[in-house]
Amino acid sequence: MTTLSTTLAKRLEDPRLFRQYAYVNGKWTHGEGGREEAVYDPATNEAIGHIPLLEAEQITAAVDAAEAAFVQWRALRADERCERLLAWYDLIQANREDLATIMTLEQGKPLPDARGEVQYGASFVRWFAEEGKRTYGETIPSHIPNASLGTIKEPVGIAAMITPWNFPLAMITRKAAAALAAGCPVIVKPANETPFSALALAELAERAGIPAGIFNVVLGDPAEVSKILCAESRIRALSFTGSTRVGRLLIEKSANTVKRLSLELGGNAPFIVGPDMDPKEAAFAAIDAKFQTAGQDCLAANRILVHESIHDEFVEHFSERMAALTVGNGLHSEIDLGPLIHRQAVEKAAAIVDDAISKGAKMVGGDQSQAPGENFFMPVMLTGVTAQMKVWREENFAPVAGITAYSTDDEVIEMANDTEYGLAAYIYTHDIRRIWKLMRALEYGMVSVNSVKMTGPPVPFGGVKQSGLGREGGATGIDEYLETKYYCLGALGSVSGS
Ligand SMILES: NC(=O)c1ccc[n+]([C@@H]2O[C@H](COP(=O)([O-])OP(=O)(O)OC[C@H]3O[C@@H](n4cnc5c(N)ncnc54)[C@H](O)[C@@H]3O)[C@@H](O)[C@H]2O)c1
Ligand SMILES: N[C@@H](CC=O)C(=O)O
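Keep in mind the model is a prediction, meaning the values are calculated, not measured.

Draft legend 1. Here's a closer look at the packing of helix H8 (residues 222–231) against helix H9 (residues 244–254). Orientation of H8 relative to H9, taken along the N-to-C sense of each, is 40°, at an axis distance of 8 Å. As summarised for this structure, H8 and H9 are arranged oblique, according to the angle between their axes. As H8 runs across H9, the sense of the crossing is right-handed. Facing Ala223, Ser226, Lys227, Cys230 and Ala231 of H8, the residues of H9 in contact are Leu250, Lys253 and Ser254. Grouping the constituent residues of the contact of H8 with H9 by class yields four nonpolar, two polar and two charged.

Printed below as a string of structure tokens:
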């Protein structure tokens with residue numbers, strides 16, 4: 001019988017990239033308890049494969065393997081680790097088409113977007129391969145007679161990573177490449193909805209010469225696995241990307257082992273349009289900022305705040321452009337929006353729209369009878385949204401755009417900051433004084449002015465408030481995996497005053 005997993009394997013130039021096992025200590029591993037879970041194509045609801053759910057002892061075995069492998073990995077010179085990471089980068093690039101196919105099948109995003117994510121994910125590997133060579137310590141002018149003082153940077157130890165389904169590859173490489181370059185072994189727990197991208201990365205890491213035990217992918221019940229990872233004192237850093245709800249749980253669970261925590265959590269981005277903007281240009285930019293990955297993006301423009309003087313024109317252009325968006329299976333050509341990840345996400349989106357309408361918002365679009373399958377949600381524009389509505393308060397993670405008018409800069413600052421989240425904000429205006437005022441007043445970790453695109457390897461990506469702790473990427477991303485060791489070399493004789 002032909003199953004979708006055989007169909008999938010046949011679609012790939014290199015079928016060995018499609019693995020249905022965990023990857024621990026350089027070995028493809030079954031679950032010892034016989035538990036497994038199906039993974040579905042969200043566009044069709046067909047199972048594309050199965051993954052094992054590992055037992056507690058198998059997760060601990062991954063930690064044992066990482067601990068043993070750490071000794072040699074940290075002992076390599078930075079340029080030697082750089083070479084392995086560059087080999088990984090080359091393999092990811094060379095297998096871009098297969099990786100994109102796997103991603104579209106498990107995540108649903110349109111194939112061109114999946115190719116873009118592979119490229120984006122690979123770019124972090126190259127960036128951190130190089131950054132690993134620049135983990136400088138410092139020399140400190142001594143206040144102690146005859147002593148020399150300074151710092152050196154050392155790998156923090158085993159780093160665990162728990163990652164989401166919306167960016168199944170790049171959210172792994174942005175963490176793992178930094179940790180590996182710093183000299184740390186890595187244990188990744190990907191989202192159960194999208195494990196196959198992570199497993200393909202493991203296959204390529206092995207081919208790149210990253211030794212057994214240094215890059216592990218564990219699979220299992222999320223609460224069970226993370227409980228073990230958080231409680232394990234040998235794991236010194238935990239990096240999580242996902243919802244604020246789960247982020248809070250991980251903080252609690254890690255308290256006893258006092259780990260280094262990096263948290264990239266939810267967002268509720270405001271998209272502010274000033275009165276001087278061309279309403280059409282701003283509306284088109286807002287469409288891009290809202291509907292990429294079908295709205296399932298932590299940077300998605302959730303609350304679109306438009307100056308009252310151009311609001312009606314903006315809304316007209318927005319709805320026209322929204323009506324032209326195509327919704328369908330991401331493997332087909334000319335698709336703008338793929339499915340949501342599963343049926344619950346569709347139900348959540350519908351509940352957010354109903355809540356807004358019951359509180360007075362007006363809806364354009366969103367004829368769900370046109371949806372090409374049960375996990376699809378036709379894009380919706382809601383106008384007249386208020387702070388009492390869920391669409392304002394919650395990260396909707398769906399193609400639902402909430403729009404509202406404002407009259408003054410002070411008012412829009414208050415509106416934009418009226419959320420527990422603080423990941424990213426967008427400002428569209430050409431008035432430099434307004435740009436400066438808004439940029440300084442917005443309580444967000446990242447502010448993008450007149451540009452939808454804001455991310456990439458050189459960028460210190462991260463949020464404030466309840467959107468997270470720490471930064472990924474950029475010149476500081478590797479610090480999440482490094483400890484500073486201060487040294488005092490005393491009794492040196494002649495160095496006083498240096
Ligand atoms: N800030 C960022 O960089 C960023 C990037 C991507 C996604 N996100 C956020 O991620 C969320 C969407 O992703 P999601 O639905 O996969 O998030 P999620 O929090 O439900 O899941 C993220 C990861 O946590 C695991 N998990 C789920 N329940 C758990 C539990 N009880 N204990 C331990 N682990 C558990 C999941 O299996 C997955 O691996 C959104 O809030 C989005 O904003 C943030
Ligand atoms: N789009 C983000 C991921 C958030 O979901 C990124 O670029 O890292």
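Draft legend 2. Main features of the site of ligand 1. Around ligand 1 there are 29 residues in total, and Thr163, Trp165, Ser243, Leu265 and Glu395 lie nearest to it. Here an oxygen atom of ligand 1 and a side-chain polar atom of Ser243 are 2.6 Å apart. Measuring from an oxygen atom of ligand 1, one finds a side-chain N or O atom of Glu395 at 2.5 Å. Computed on the free molecule, ligand 1 has an accessible area of 830 Å², of which 89% lies beneath the protein chains in the complex. At the level of elements, helix H6 (170–182), H8, strand E10 (235–241) and H9 are the ones that each hand at least two residues to the shell around ligand 1. Of the residues belonging to the shell around ligand 1, the class tally is 16 nonpolar, eight polar and five charged. Of the domains in this structure, domain 1 (3–266 + 466–484) and domain 2 (269–420 + 424–449) are the two that each give at least three residues to the shell around ligand 1.

Draft legend 3. Geometry of the sheet that holds strand E20 (residues 482–489). Strand order in this open sheet of three strands is E5-E6-E20, and the pairing throughout is antiparallel. The outermost strands of the open sheet, each flanked by one partner alone, are strand E5 (138–140) and E20. Within this sheet the neighbouring strands show an average axis-to-axis angle of 25°, counted without direction. Pairing of E5 with strand E6 (residues 148–155) involves three bridges; the strand directions are antiparallel. Paired with Glu138 across the bridge in E6 is Thr151.

Draft legend 4. Local environment of the side chain of Glu480. Structurally, the position occupied by Glu480 is in the loop between strand E19 (468–469) and E20. Notably, Glu480 is buried but unbridged: the nearest opposite-charge side chain belongs to Arg260, and the N-O separation is 5.4 Å. When sequence neighbours within four positions are dropped, the list of residues in contact with Glu480 reads Val156, Ala237, Arg260, Leu261, Ser262, Gly470 and Arg471.

Draft legend 5. View of unusual backbone geometry. Despite not being glycine, Val258 has its phi angle at roughly 40°, a positive value. Residue class for Val258 comes out exposed when judged on its relative accessible area of 62%. Despite not being glycine, Ala294 has its phi angle at roughly 55°, a positive value. As for its placement among the helices and strands, Ala294 is situated in the loop between helix H10 (279–291) and strand E13 (301–307).

Draft legend 6. Structural context of the packing of helix H14 (residues 409–417) against helix H15 (residues 432–441). Interaxial distance between H14 and H15 falls to 10 Å at its minimum, and their mutual angle equals 30°. As the angle between them shows, H14 and H15 are arranged roughly parallel. For the element pair H14 and H15, the recorded crossing hand is right-handed. Each of Asp409, Asp410, Val412, Ile413 and Asn417 in H14 lies in contact with H15, whose residues at this interface are Arg434, Lys437, Leu438 and Ala441. When grouped by side-chain class, the residues that make up the contact of H14 with H15 number four nonpolar, one polar and four charged.

Draft legend 7. Up close: the pattern of salt bridges. Within the structure shown, the criterion is met by 28 salt bridges. Residue Glu203 is joined to Arg16 by a salt bridge in which the shortest nitrogen-to-oxygen separation is 4.0 Å. In this pair, Glu203 is assigned in helix H7 (residues 195–207) and Arg16 in the loop between helix H1 (4–11) and strand E1 (22–24), connecting sequence segments 187 residues apart. A salt bridge links Glu203 to Arg207, with the shortest nitrogen-to-oxygen separation between them at 2.8 Å. Residue Glu203 and its partner Arg207 are located together in helix H7, separated by four residues, close to a single helical turn.

Parameters and conventions
- Residues numbered from 1 in each chain as written.
- Chains lettered and ligands numbered in written order.
- Predicted model: local features only at pLDDT ≥ 70, side-chain atom pairs only at ≥ 80, totals over all residues.
- Heavy atoms only, no water.
- Axes fitted to C-alpha atoms, helices over the stretch in contact; angles between N-to-C directions.
- Helix = DSSP H or I, 4+ residues; strand = E, 2+ residues; numbered from the N terminus.
- Parallel < 35°, antiparallel > 145°, perpendicular 65-115°, else oblique.
- Left-handed = near helix turned anticlockwise from the far one by under 90°.
- Contact = heavy atoms within 4.5 Å.
- Nonpolar A, V, L, I, M, F, W, Y, C, P; charged D, E, K, R; others polar.
- Near = heavy atom within 4 Å.
- Polar contact = N/O pair within 3.5 Å; in protein donor to acceptor, adjacent residues only side chain to side chain.
- Areas by Shrake-Rupley, 256 points an atom, 1.4 Å probe, with all protein chains shown as cover.
- Domains from an automatic or database assignment.
- Pairing = 2+ DSSP bridges.
- Buried < 20%, exposed > 50% of the residue type's maximum accessible area, 1.4 Å probe, protein only.
- Lys, Arg positive; Asp, Glu negative; His and termini not counted.
- Salt bridge = Lys/Arg side-chain N within 4 Å of Asp/Glu carboxyl O.

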